[in-house]
Amino acid sequence: MIQLTNISKNFSSQELFNNLNFKMNPGNKIGLVGRNGSGKSTLFKMILNEETPDSGDIIISKNYKISTLKQHLVFSEKTLREEASLALNDEMKYDTYRVEKILFGLGFVQDDLEKNPLSFSGGYQIRINLAKLLVTEPNLLLLDEPTNYLDILSLRWLKTFLRSFRGEIILITHDRNFMDAITTHTMGIVRKQLEIIPGDTSKFYAQLSANDLLHTKQKIAQDKKVKELEDFIAKNKARASTASLAQSKVKQLQKMQRLDSLDLGSALEFNFNYKETPAKVLLDAKNVSFGYTPDSLLFKDITFTLHKGECLGIIGKNGKGKSTLLNTLAKELQALSGEINYHTSTSFAHFGQTNIAHLNDKNTIMDEIYLANPKLSEAKVRSICGGMMFSSDLAKKKISLLSGGEKSRVMLAQIIAQNVNLLFLDEPTNHLDMDSIEALSSAIEAFDGSVIIVTHSEELLRRVCDRLIIFVKNGAEYFDGGYDDFLNKIGWEEEIQEERFKANPKSNTKENKKLKSEILRNRNKLTSPLKKKVQKLESQIMQTEELLESQHKELISVSNSGDSAALIVLSKLVAHNEEEVEDLFGVFEELSMEIEKIDAEYAQKIELLS
């Protein structure tokens, strides 16, 4: 296994870790969270011996194999078999049976072995890289943002694969839903240390919040004690009769381990500025078609009406035309046929994949915001910068010096600088960390206007999208419903029809649809009452946590007043409520696991229909 003991690491003036400790236990699948720049990738590099700690020890058991999934897909061989065989070491370089067995287990078939790796779809290229990892029989997978550049189908497949992986995993991802679906524990880099708890990110952040609250109360109490000691010393050190007593208080003060103030860091905080409109319909698309040549259309006859307050999601595999459709609707590309009509009061902003290239490297962040709206005052521009975590002198930073995530925040700042009632958003969560994605999701939910969004994030789709345009094999289709409705009523064709072995005969398609509907009905009968219980538990937990927050404030007040009797009564009440929240979380986890178990069981039944 792996053990890290008293690890410290600095980069120039920045201290990442200070006496950090960690032990990996068998079967753990850990989600690693922390703000961008907190040291997550550096921790991975140290485990892989690509970085060395300034002090401390990293102990890895003998014969314990660690592999990492590369973000970028690079293939050098002409056939799938040859590419996967690159992972074989000298002792087993002729053991192609091992390679083929793993490839077949990942969904490839005999005919695929002689195909060029580049001829496969993005999801299957990820499987090729996984096959190369699994050939080495790793005990631990280190995954640093494995979801980057994956489409929604590849993400769903990878999620299922990692859940069933027999070994340990440490996962870094900005996709909270993806992480929670896979991991058994959540671990965070918090104030240069590692904190780990069993459970998902919600439980981790709830525990972190409770710990911060306790630390704050202890700091207030300690500061009060320090002030009392300092006042006593100041008043009595000059008097002969009390000098010795004052000196003992000095020693007491010197021995006291002072608690640091919490460094909570900056957080993304903003709302989109809504421009009032009398319109009920902001955009109306009729029979819109586009292709770079008339003979090769990416989509055909797209028709929909976007009402005020609605959010339309555009989803599908990579390279099918999702961004092209968004650019066409935003009139950055000219449709080959059809009509796109805006209401006269419609005012829109566009967050595009290629818009980062439009930022001028020579400009500062403030310059770029002024370009979006020259009428803004300097105070307003600085306020927008602060909301995007560019406070003070950072607002004067040159675009050329920014990371991908920082440039994404600049583009969001440009949109916030405008008053609009329609947003076009193309993969807006790319390059953002978990906290920033949560802030963005909340801002979209709070926006009174309409939104059209391209995203691979299932969590974001579920939270904000009322209707969908789905890119399938033969173009794009409009779906009048949310993402879960789509999964339940239609589902991804590739998932339903995927065959591990093509030798199995195909059954009647109509009969399959009937059987699938019956399976889904039976699944929903089992999961619906459980989901209702989960919703009720969520409500109870939120109510109790709100009560606890109020009681904690009261506890501080009572503690400061010196009312011991009231303090005892209130402390017992707080302890009781904290225990109740813990019990509710326990039941919540059991029900969630039961729902997941039922979903997995019925997903297998649907897969057998293929």
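Residues numbered from 1 in each chain as written. Predicted model: local features only at pLDDT ≥ 70, side-chain atom pairs only at ≥ 80, totals over all residues. Heavy atoms only, no water.

J.: How do you make sense of the overall build of the protein chain when you look at a structure like this?
T.: Scanning the protein chain from N- to C-terminus turns up 18 helices and 20 strands. Expressed as a percentage of the 610 residues in the protein chain, the buried residues total 45%. In the protein chain, of all internal contacts separated by at least 6 residues, the share reaching a separation of at least 24 is 70%. Split by element, the accessible area of the protein chain, about 32100 Å² in all, is 49% carbon and sulfur. (Helix = DSSP H or I, 4+ residues; strand = E, 2+ residues; numbered from the N terminus. Buried < 20%, exposed > 50% of the residue type's maximum accessible area, 1.4 Å probe, protein only. Contact = heavy atoms within 4.5 Å. Areas by Shrake-Rupley, 256 points an atom, 1.4 Å probe, with all protein chains shown as cover.)

J.: In this structure, what is going on with the packing of aromatic side chains? I would like to understand it.
T.: One pass over the structure, following the stated rule, counts 15 aromatic pairs. Both rings, one in F272 and one in F447, keep their centres 6.0 Å apart while their planes meet at 75°; by these two values the pair is edge-to-face. Taken together, the residues span a long stretch of sequence, with F272 in the loop between α8 (243-255) and β10 (273-274) and F447 in the loop between α13 (434-446) and β18 (450-454) at a distance of 175 residues. F447 matches F272 in its accessibility class, with the two residues each being buried. Put simply, the rings of F290, Y292, F299 and F471 pair up and form one aromatic cluster. (Phe/Tyr/Trp six-rings, centres within 6.5 Å; stacked < 30°, edge-to-face > 60°.)

J.: What is the right way to read the packing of helix α10 (residues 365-372) against helix α11 (residues 378-387) from this model?
T.: To describe two helices that pack against each other, one gives the angle between their axes and the distance between the axes. One can describe the packing of α10 onto α11 by two numbers: an axis separation of 10 Å at closest approach and a directional angle of 115°. Relative to α11, the element α10 lies roughly perpendicular. As for how α10 packs across α11, the hand of that crossing is right-handed. Residues I365, M366, I369 and Y370 of α10 form the contact with α11, whose own contacting residues are E378, V381, R382, I384 and C385. Its residues placed into classes, the contact of α10 with α11 shows 7 nonpolar, no polar and 2 charged. (Axes fitted to C-alpha atoms, helices over the stretch in contact; angles between N-to-C directions. Parallel < 35°, antiparallel > 145°, perpendicular 65-115°, else oblique. Left-handed = near helix turned anticlockwise from the far one by under 90°. Nonpolar A, V, L, I, M, F, W, Y, C, P; charged D, E, K, R; others polar.)

J.: Mind showing me how you'd approach the nonpolar core here?
T.: Soluble globular proteins tend to pack their nonpolar side chains together in the buried interior. Core analysis: the biggest nonpolar cluster contains 53 residues, and F270, F272, I369, L423, L468, Y483 and W492 have the highest contact counts within it. Considering every element that reaches this core, the biggest residue donor is helix α12 (residues 404-416), with 6 residues. Ignoring any residue separated from it by four or fewer positions in sequence, one finds L423 in contact with F272, A349, I415, F447, S450, V451 and I452. By size, the runner-up hydrophobic cluster in this structure holds 40 residues, among which are I102, L103, F120 and L155. (Core = buried A, V, L, I, M, F, W, Y, C linked by side-chain atoms within 4.5 Å.)

J.: Looking at this structure, I do not really get the domain arrangement of the protein chain. What am I missing?
T.: Often the size quoted for an interface is simply the accessible area lost on bringing the parts together. The domain boundaries assigned to the protein chain delineate domain 1 (2-205), domain 2 (206-255), domain 3 (281-498) and domain 4 (509-608). The straight-line distance from the C-alpha centre of domain 1 to that of domain 3 is 30 Å. Taken together, the contact between domain 1 and domain 3 spans 22 residues of the former and 21 residues of the latter. Counting each side, the surface lost to burial between domain 1 and domain 3 is near 2000 Å², with a carbon and sulfur contribution of 51%. Run the count over domain 1 and domain 3 and you get 2 salt bridges. (Domains from an automatic or database assignment. Buried area = accessible area lost by both parts, 1.4 Å probe. Salt bridge = Lys/Arg side-chain N within 4 Å of Asp/Glu carboxyl O.)

J.: Could you clarify how one ought to interpret the environment of F588 in this entry?
T.: For F588, the location among the structural elements is in helix α18 (residues 564-607). Not counting chain neighbours up to four residues away, the residues in contact with F588 comprise V534, L537, E538 and I541.

J.: Which parts of the structure should I look at to understand the environment of L537?
T.: By the element assignment, L537 lies in helix α17 (residues 509-561). The exposure class assigned to L537 is buried, which follows from its relative accessible area of 7%. In this structure, the C-alpha to C-alpha distance between L537 and Y292, residues 245 residues apart in sequence, is 52 Å. Discounting residues that sit within four places of it in the chain, L537 has contacts with L584, V587, F588 and L591.

J.: Before we go on, may I ask you to explain the side chain of T455 in this structure?
T.: Structurally, T455 can be placed in the loop between β18 and α14 (458-464). Judged by its relative accessible area of 1%, T455 falls in the buried class. Reaching out from T455, the side chain makes a polar contact with the backbone nitrogen of S457 at a distance of 3.0 Å. Other than its neighbours up to four places away in sequence, T455 contacts I314, I315, E427, L460 and L461. (Polar contact = N/O pair within 3.5 Å; in protein donor to acceptor, adjacent residues only side chain to side chain.)

J.: Got a minute to help me understand the pattern of salt bridges in this structure?
T.: Where charged atoms from two side chains of opposite charge come close, those side chains can pair. Summed over all chains, the structure comprises 21 salt bridges. Ionic contacts of the salt-bridge type, sharing partners, join the residues R81, E100 and E114 into one network.

J.: I'm lost on the state of the cysteines in this one. Help?
T.: Evaluated as defined, the whole model comprises 0 disulfides. The thiol of C311 is unpaired, and the distance to the nearest cysteine sulfur, on C465, comes to 3.9 Å. (Disulfide = S-S within 2.5 Å.)

J.: I would appreciate a short explanation of unusual backbone geometry in the present structure.
T.: Negative phi values dominate among residues other than glycine, just as trans dominates among peptide bonds. A positive phi angle is found at N63, which is not glycine, with a value near 70°. Looking at where N63 falls in the secondary structure, it is placed in the loop between β4 (55-60) and β5 (66-69). Phi is positive for E145, which is not a glycine, with a value near 50°. Its place among the elements puts E145 in the loop between β6 (140-144) and α5 (152-164).

J.: What should I look at first to understand the sheet that holds strand β13 (residues 311-316) in this one?
T.: Think of a sheet as strands paired side by side through backbone hydrogen bonds, with each pair either parallel or antiparallel. Strand order in this open sheet of 6 strands is β15-β17-β18-β13-β19-β20, and the pairing throughout is mixed. Taken across any chain shown, the strands that pair with only one partner, and hence form the sheet edges, are β15 (348-351) and β20 (475-479). Averaged over all adjacent pairs, the angle separating strand axes in this sheet is 15°, with direction ignored. Bridging between β15 and strand β17 (residues 422-426) involves 4 bridges; their strand directions are parallel. Bridging across to β17, A349 finds its partner in L423. (Pairing = 2+ DSSP bridges.)

J.: Before we go on, may I ask you to explain the sheet that holds strand β14 (residues 337-342) in this structure?
T.: Pairing is antiparallel in the open sheet, where 3 strands are placed in the order β12-β11-β14. Each having just a single partner strand, β12 (296-307) and β14 make up the two edges of the open sheet. Averaged over all pairs of adjacent strands, the angle between their axes in this sheet comes to 15°, without regard to strand direction. Lying over the sheet, helix α9 (residues 322-329) contacts β11 (281-293), β12 and β14, oriented at roughly 125° with respect to β11.

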